[in-house]
Amino acid sequence: CLVSSAGAGLFQTNFGTVDYHDMTFVTQSGHELDVLLLVPENATAEKPAPAIVVSHGWYNNREMQDLNYVEYARRGYVVLAISMYGHGDSEVLPGNTWWDDENNANGLYDGVKYVAELPFVDPSRIGVTGHSNGALACREAVLQDDEGLIAAALLVSNDAVYTDADGKFYNQFGARDAAIVACQYDEFFHRVDGSAPRDFLRQKTAQSFLHFGADPEGMETRSAETFYMQIVDGEEAFRAIMNPAITHPWAHFSAGVVAFSVDFFDRALGAPAPLAHTDQIWQWKAAFNALGIVGFFLFVVFAALALLDTAYFAELKVSEPV
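Residues numbered from 1 in each chain as written. Predicted model: local features only at pLDDT ≥ 70, side-chain atom pairs only at ≥ 80, totals over all residues. Heavy atoms only, no water.

Asks: Quick one: what's the story with helix α7 (residues 282–307), residue by residue and with numbers?
Replies: Taking 1.5 Å per residue, 26 residues should reach 38 Å; α7 reaches 37 Å between its end C-alpha atoms and fits that length. For α7, the set of buried residues is Trp282, Lys285, Gly292 and Gly295. Against the buried residues of α7 lie α1 (2–12), α2 (66–74) and α6 (255–269). (Helix = DSSP H or I, 4+ residues; strand = E, 2+ residues; numbered from the N terminus. Expected span 1.5 Å × (residues − 1). Buried < 20%, exposed > 50% of the residue type's maximum accessible area, 1.4 Å probe, protein only. Contact = heavy atoms within 4.5 Å.)

Asks: Let's hear about the layout of surface pockets: which residues, and what values?
Replies: To find leftover empty space, one rolls a probe the size of a water molecule over the atoms. Of the voids in this model, the largest pocket is the one considered here, and its volume is about 240 Å³. Glu63, Asp66, Lys285, Ala286 and Asn289 are, among the 15 residues lining the largest pocket, the residues nearest its centre. Of all the secondary-structure elements, those providing two or more residues to the lining of the largest pocket are α1, α2 and α7. Of the residues in the lining of the largest pocket, the class split is 7 nonpolar, 5 polar and 3 charged. Of the voids in this model, the second largest pocket is the one considered here, and its volume is about 200 Å³. Along the wall of the second largest pocket there are 13 residues; nearest its centre are Ile150, Ala151, Ala175, Arg176 and Glu235. If you list the elements that add at least two residues to the lining of the second largest pocket, you get β9 (235–242) and α6. Among the residues forming the lining of the second largest pocket, the class breakdown is 6 nonpolar, 2 polar and 5 charged. (1 Å grid on protein atoms, 1.4 Å probe; cavity = no way out; pocket = protein on both sides within 12 Å on 5 of 7 lines; lining within 4 Å. Points joined across faces, edges and corners; volume = space filled by probe spheres on them. Nonpolar A, V, L, I, M, F, W, Y, C, P; charged D, E, K, R; others polar.)

Asks: So, unusual backbone geometry: which residues are in play, and what are the values?
Replies: In the Ramachandran plot, Phe15 falls in the positive-phi region, its phi being about 60° despite a non-glycine side chain. Note on placement: Phe15 falls in the loop between α1 and β1 (18–26). Note on Phe15: relative accessible area 49%, which makes it partly exposed. Positive phi, normally seen in glycine, also occurs at Ala105, with a value near 55°. Within the secondary structure, Ala105 sits in the loop between β4 (78–83) and α3 (108–116). Looking at Ala105, the relative accessible area reads 1%, which means it is buried.

Asks: Talk me through the environment of Ser5; I want residue IDs and the actual numbers.
Replies: Structurally, Ser5 can be placed in helix α1. By relative accessible area, which is 52% here, Ser5 ends up exposed. Taking C-alpha positions, Ser5 is 9.5 Å from Lys285, a pair spaced 280 residues apart along the chain.

Structure (structure tokens):
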């Protein structure tokens with residue numbers, strides 16, 4: 001357990017170059033939010049760094065984004081990993097109010113507002129990403145972002161909003177950079193017009209997204225893992241879709257998805273300390289986590305056996321082998 005803790009800590013802090021803060025604070029919406037804040041040494045008040053707010057899926061917590069926050073922080077981004085309301089140690093909200101506007105995208109937009117005020121964060125370069133329900137939180141945060149705080153959004157294992165209230169295709173993200181990871185064997189999403197997720201790129205919804213909200217009828221068919229550029233409201237923006245041959249939860253453990261997300265945010269925000277997308281160490285943290293789980297169960301078993309030799313528990317021990 002000690003080796004696990006020390007090893008995971010080394011990789012989580014990039015060998016001591018990233019400050020790691022475990023904390024809970026009261027947000028602008030008035031609720032307690034449980035977060036991890038990672039601040040690389042390059043982020044200072046004199047030279048603010050871009051920031052990324054990351055969120056987990058349903059019934060998970062902030063640590064489920066460790067593959068992302070480890071790699072983002074290594075590349076110089078300030079990272080805020082949140083536990084959405086009702087998850088981890090964040091406040092439980094009453095009833096079905098998670099997605100009410102006053103709760104700021106179940107806490108994710110509260111996280112965006114928080115990092116925007118940090119003196120070592122460049123508020124013009126803030127990105128959001130999340131898996132499954134975390135991706136839903138990202139898209140809801142974009143819809144609420146009247147202040148224009150979000151510069152880029154990466155949705156993993158969930159859909160964007162492709163049409164408006166009248167059913168017409170539209171550009172939800174405006175001039176922001178945006179991308180989607182649509183797993184080919186996703187159990188829940190990317191069947192918007194009836195096709196299977198493996199055929200997501202052929203759907204009109206996906207093609208409209210890649211064409212910046214235009215009706216794709218009669219337009220060129222665009223491909224996966226290609227960054228398409230366009231001028232929107234006088235600003236250059238891009239769209240991309242990754243369509244890996246994995247299941248919905250496997251995006252939590254995919255080096256390919258991490259590589260795509262690293263490339264996405266480097267293009268969108270500019271990594272202060274860029275590294276090749278294949279340069280990843282989060283797997284080592286996961287290995288030390290696994291070692292800790294083994295150590296925990298070894299401790300439980302052998303501690304119980306040792307307690308049987310104490311006076312208090314001795315009567316529970318059989319006198320002869322069973």
